[in-house]
Amino acid sequence: MVDKVCDMTIEKHIAICTKYIDESGDVKTAFLSDTILKTATADVITERIQTQVEHHDLSIDEMIGFGSDVAAVFTGKKSGVAQRLKIHNPSLIPIHCKYHRLALTCKDSFKECV
């Protein structure tokens with residue numbers, strides 16, 4: 001799961017989390033990293049994800065899914081991050097993060113109430 005954010009200094013960050021099954025069969029979620037990006041292009045984000053995954057002794061080849069918001073940089077059909085990761089793992093399933101969908105729904109619902 002990834003998300004791109006800006007902090008108060010307007011630096012771009014990418015936060016990376018992982019959901020996995022541990023040795024005992026329990027599903028766990030872990031924070032991998034929050035790193036600053038010089039630019040938030042698909043190639044830079046993809047490279048940062050690959051670097052962080054490898055840094056934690058994980059493999060893109062073993063990823064099952066990729067969760068993000070629906071920004072074109074992540075989900076672009078030709079050159080988005082998901083498509084770039086699928087070059088390394090064709091069976092990777094990109095999904096729209098359920099928490100981001102919930103936030104969008106709440107925001108839209110609030111507009112209806114005001």
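Just so we're clear, the structure is a prediction, and the values are computed from it rather than from any experiment. (Residues numbered from 1 in each chain as written. Predicted model: local features only at pLDDT ≥ 70, side-chain atom pairs only at ≥ 80, totals over all residues. Heavy atoms only, no water.)

Visitor: Help me out: how do you make sense of the side chain of Gln50 in this one?
Guide: Tracing the sequence through the fold places Gln50 in helix α1 (residues 42–55). In terms of polar contacts, Gln50 uses its side chain to reach the side chain of His88, at 2.7 Å. Filtering out sequence-adjacent residues up to four positions away, Gln50 remains in contact with Ile60, Leu85 and His88. (Helix = DSSP H or I, 4+ residues; strand = E, 2+ residues; numbered from the N terminus. Polar contact = N/O pair within 3.5 Å; in protein donor to acceptor, adjacent residues only side chain to side chain. Contact = heavy atoms within 4.5 Å.)

Visitor: Got a minute to help me understand helix α3 (residues 81–88) in this structure?
Guide: Within an α-helix, residues lying three or four positions from one another point in the same direction, as the helix has 3.6 residues per turn. The complete set of buried residues in α3 reads Val81, Ala82 and Leu85. What you see down the axis of α3 is that its buried residues fit within an arc of 95°, all on one side. Tucked into the core, α3 has its buried residues touching α1, β4 (65–68), α2 (72–75) and β5 (93–96). (Buried < 20%, exposed > 50% of the residue type's maximum accessible area, 1.4 Å probe, protein only. Arc of directions from axis to C-beta.)

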